[in-house]
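The primary structure of each chain is shown beneath.
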Amino acid sequence: MGGSGSRLSKELLAEYQDLTFLTKQEILLSVHVVLAPHLVDSEQQARSGNEHTGKPIAENTDSCPLSTRAHRRFCELLPQEQRSVEESLLAQVPFEQILSLPELKANPFKERICRVFSTSPTRDSLSFEDFLDLLSVFSDTATPDIKSHYAFRIFDFDDDGTLNREDLSRLVNCLTGEGEDTRLSASEMKQLIDNILEESDIDRDGTINLSEFQHVISRSPDFASSFKIVL
Amino acid sequence: MAQPLAFVLDVPETPGDQGSQDPSPYDESEVHDSFHQLIQEQSQWVAQEGLELQQREQEAPGSGQQTLPRPEGTQSTATLRILASMPSRTIGRSRGAIISQYYSRTVQLRRRSSRPLLGNFVLSARPSLRLYDLELDPTAREEEEKQSLLVKELQSLAVAQRDHMLRGMPLSLAEKRSLREKSRTPTGRWRGQRGSGGVCSCCGRLRYACVLTLLAFNAVLLLLLVAFIMGPQVAFPPTLPGPAPVCTGLELLTGAGCFTHTVMFYGHYSNATLNQPCGSPLDGSQCTPRAGGLPYNMPLAYLYTVGAGFFITCITLVYSMAHSFGESYRVGSTSGIHAITVFCSWDYKVTQKRASRLQQDNIRTRLKELLAEWQLRQSPRSVCGRLRQAAALGLAWLLCLGTALGCAVAVHVFSEFLIQSPEAAGQEAALLVLPLVVGLLNLGAPYLCRVLAALEPHDSPVLEVYVAICRNLILKLAILGTLCYHWLGRRVAVLQGQCWEDFVGQELYRFLVMDFVLMLLDTLFGELVWSRIISEKKLKRRRKPEFDIARNVLELIYGQTLTWLGVLFSPLLPAVQIIKLLLVFYVKKTSLLANCQAPRRPWLASHMSTVFLTLLCFPAFLGAAVFLCYAVWQVKPSSTCGPFRTLDSMYEAGRVWVRYLEAAGPRVSWLPWVHRYLVENTFFVFLVSALLLAVIYLNIQVVRGQRRVICLLKEQISNEGEDKIFLINKLHSIYERKEREERSRVGTTEETAAPPALLTEERDD
């Protein structure tokens, strides 16, 4: 499994390798699967079987690096006719299909993640490069700086550049679960948000901006290891 | 007519004025939907509500704090536009701001300056905003210009640095590609060389890290011992005292029997210089070396190899402890626990719905606990309540310390009984009794302490874990201390004339093996059975995983302490420990997977690894080092076996060699000099200790100063925030006044039906 079966040009590969935190071998291996549609079909059946049992697929892909798997998973989401390399790079996949990936299915922030990384004008679909961006930010080697930057944008539910009380309360509801019995009570929520603002809002304007957020994150050494998605 | 303004700010005259000086993200279509809608509706003169900045609750200590007015009518478009373009809002969002920020960073990288030049920046109040070089600059740059500046700076960087900078920019792939294209230098194609990818992320668990650390330490020790002691001894085997005993299966447990006269134990090693046909057992100075052979002084090698192994372990341990501490400790990290829990506690690696729900439960419980703790801290408890709590705490501690003392006394009594009873000494299986008893005490007493801990009131579960670790550690230290006294004090006296070092080495081997067997049994029966019994009670489930982490960490430390204690008497013990660690790791991993334990809490992991290394270094390694030093300096080696059999102490071998070197001649005279004035002289040790203390004190002062600076900076930012709110309030009031005048003017001109030209003239004065 080397570069012989790869249809992604070497320049494109090198470019992805240089601009993201993903490694070269990871991108190379994926295209091998794209070349053989019948293999893709059978693997897709096996994969959908795995998805039903809910087992993470990472176990059988230890030898299969990240961008490769990224490209393969992405291509599974596309209809058959768009699976060639050139078209797969341009195709836009709607959110519903991205959200069906097992790595994102159980994540309460999945819609926000897709929306933040989408560069389409209508912001309702992801291209392969957006997908690569997503994986790069959530990869192991990404700097804590870029992770905290995107974490801020994910948590900013109304996209106004700061985390206000509404954002924070939606964030806490995502963390604790959306059911009626799993939410915090109104008084607890208010107390919690007051405490959070007290601790992190340094300029006392009632909202948390990016700098304040990054300052809070810098105090937690475990953030970088928990802000990771493993394909 | 223009109002006299208290500050210099060029505000647009009418709300619908398109000639705003500050280019706002609105122009870049980066403004969020609510602003867009508001501005649209404003321009149609529809009353809107929902001011962007919210009013903070007026707390009691917030006297003098300004708040923003509640929206009571129309807000001018220009105000909203200015608010939308505030740098603190746009830093994360607008492309131009990001490009400016990274331009400044690249400039600093190139010029190696930590501050931007003051002369270049005009109006900005906040030093941090100067770095962003945003629209506060009167010569507001277009995005194209900013991009070209960034590209120029990128071109002047080295390839690897440019790649690193591009990779770390929070822009989309297409934008990064265009920047890269533009900044590519025309002199030939460059290929960025990337290092290998990151460490495998699938194995980030704490146990794996701990086991790996211990494996590394043991492997280094084993390598040294094999290379310098065991290898030569195997190459030149000494004559055995009698026929080798038959190997029964019991050796694996007791270490006695056919293992006794092998390289595994101290007694097998010769005390002569190898590779020399020497009859005298003293040092080889009197023998003539064989031509072509290299004389190898076994006692010296034994002593110095063990010493070097400990020294290397010490340095490595202290270095990794310091490194881990630096990674996990942040100045002021104990505060802000609510914010950190909410922002950092979700583990994105979770992929199953059930695990995700479990994590949500954990986080909800944690948040409720935090809020309860906070409530408790807010309401000061009465003196009576505090006394009661102190009494309960004191009682629990007393009981646990009493348990530890009781266990130590029990071990002492039992070991004395074993010494006294002659018939037990004859059987080989009877040797296993003491390790078994100690192992059972080590298993059972922590459960007792856990029950006591459930009775006492604790405010925070983090403290509970650390207290449990402390108590368990005290128990183990008490037992180990008693055992060390038993070996070096009593057994040496009893076994005069026999090989007591062999016995001690075998004892430690037995302890290691028995510890492993009991751990296996405990894992199989304890965790499986326990989890079945309490699987219905959700309350207990929450507490169990935390205790397990503490207990597992302490078990690893205990095993490693036994290894370090026994290295002097049984050089093959690190190999046994390595095998044991690997087996234990796989057994525990299977047990974890089978029982589907709750996922670990990420916020505890890095602290735990620091705690693990600290505990490994201070009580464990230090204790083993003290034991080793005492054994080498003070205890008389047995006269019938081992490499030091004719000397008064093991350290003598070194002194004998130094005397031999002194006699050898002036060529190597620096070595005895070093030995006399640095190693044996206490002044040098005092000097080094004093230097170390000075360095530690300086570091403490630096941290204290940093904390003070952080406090001052926070105050300054909070004052700036008040300035901001004041200015925004002023803006509102000015615009409100203008719009009121505008409305009244529109009303009067409608009556008089004046031409629009007059209107503009009137407005302009």
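See the structure shown above.
The notes below deal with the structure included here. (Residues numbered from 1 in each chain as written. Chains lettered and ligands numbered in written order. Predicted model: local features only at pLDDT ≥ 70, side-chain atom pairs only at ≥ 80, totals over all residues. Heavy atoms only, no water.)

So, on to the overall build of chain B. Across its full length, chain B carries 25 helices and 2 strands. Of all 765 residues assigned to chain B, the portion counted as buried reaches 44%. Considering only intrachain contacts with a sequence separation of at least 6, the fraction spanning at least 24 residues in chain B is 77%. Carbon and sulfur atoms provide 64% of the accessible area of chain B, an area that totals close to 40,500 Å². (Helix = DSSP H or I, 4+ residues; strand = E, 2+ residues; numbered from the N terminus. Buried < 20%, exposed > 50% of the residue type's maximum accessible area, 1.4 Å probe, protein only. Contact = heavy atoms within 4.5 Å. Areas by Shrake-Rupley, 256 points an atom, 1.4 Å probe, with all protein chains shown as cover.)

A word on the state of the cysteines. Residue and element names in this part refer to chain B. Inspection of the entire model under this criterion finds 1 disulfide over all chains. Between the sulfur atoms of Cys-499 and its disulfide partner Cys-641 the distance amounts to 1.7 Å. Disulfide Cys-499-Cys-641: torsion about the S-S bond near 90 degrees, hence right-handed. A residue pair is termed long-range when its members are at least 10 positions apart, and Cys-499 in the loop between helix H17 (461–494) and helix H18 (500–533) and Cys-641 in the loop between helix H21 (602–633) and helix H22 (652–664) qualify at 142 residues. This pair shows no difference in class: Cys-499 is buried, exactly as Cys-641 is. (Disulfide = S-S within 2.5 Å.)

Our next topic: unusual backbone geometry. All names here are of chain A. Non-glycine residue Asp-159 carries a positive phi angle of around 60 degrees. Structurally, the position occupied by Asp-159 is in the loop between helix H10 (144–155) and helix H11 (165–176). Unusually for a residue other than glycine, Arg-204 sits at a positive phi of about 55 degrees. Structurally, Arg-204 can be placed in the loop between helix H12 (186–200) and helix H13 (210–218). We classify Arg-204 as partly exposed; its relative accessible area is 25%.

Looking now at the packing of helix H6 (residues 143–155) of chain B against helix H8 (residues 173–183) of chain B. Residue and element names in this part refer to chain B. Where H6 meets H8, the axes come as close as 9 Å, and the angle between the chain directions of the two elements is 60 degrees. When the axes of H6 and H8 are compared, the pair comes out oblique. Two packed elements cross with a definite hand, and for H6 against H8 that hand is right-handed. Across the interface between the two elements, Gln-147, Leu-150, Val-151, Leu-154 and Gln-155 of H6 pack against Leu-179, Lys-182 and Ser-183 of H8. Broken down by class, the residue content of the contact of H6 with H8 amounts to 4 nonpolar, 3 polar and 1 charged. (Axes fitted to C-alpha atoms, helices over the stretch in contact; angles between N-to-C directions. Parallel < 35°, antiparallel > 145°, perpendicular 65-115°, else oblique. Left-handed = near helix turned anticlockwise from the far one by under 90°. Nonpolar A, V, L, I, M, F, W, Y, C, P; charged D, E, K, R; others polar.)

Right, let's get into the pattern of salt bridges. Residues and elements named next belong to chain B. For the structure on display, the rule yields 19 salt bridges over all chains. Ionic pairing is found between Lys-349 and Asp-347, a salt bridge with its closest N-O pair at 3.5 Å. Overall, Lys-349 belongs to the partly exposed group, its relative accessible area being 24%. Among the ionic pairs, Glu-369 bridges to Arg-366, the shortest N-O distance being 3.6 Å. Placement of the pair is Glu-369 and Arg-366 together in helix H13 (residues 353–378), with a separation of 3 residues, close to one helical turn. With respect to class, Glu-369 is no different from Arg-366; both count as buried. (Salt bridge = Lys/Arg side-chain N within 4 Å of Asp/Glu carboxyl O.)

Core analysis: the largest hydrophobic core is formed by 88 residues, its most contacted members being Val-306, Leu-483, Trp-564, Leu-568 and Phe-612 of chain B. Ranked by residue count, the leading element in this core is H21 of chain B, at 13 residues. In this structure Leu-483 of chain B touches Val-411, Leu-434, Val-438 and Phe-511 of chain B, once residues within four positions along its chain are discounted. Within the second largest apolar cluster, 83 residues are counted, among which are Phe-74, Val-116 and Leu-197 of chain A together with Met-165 of chain B. (Core = buried A, V, L, I, M, F, W, Y, C linked by side-chain atoms within 4.5 Å.)

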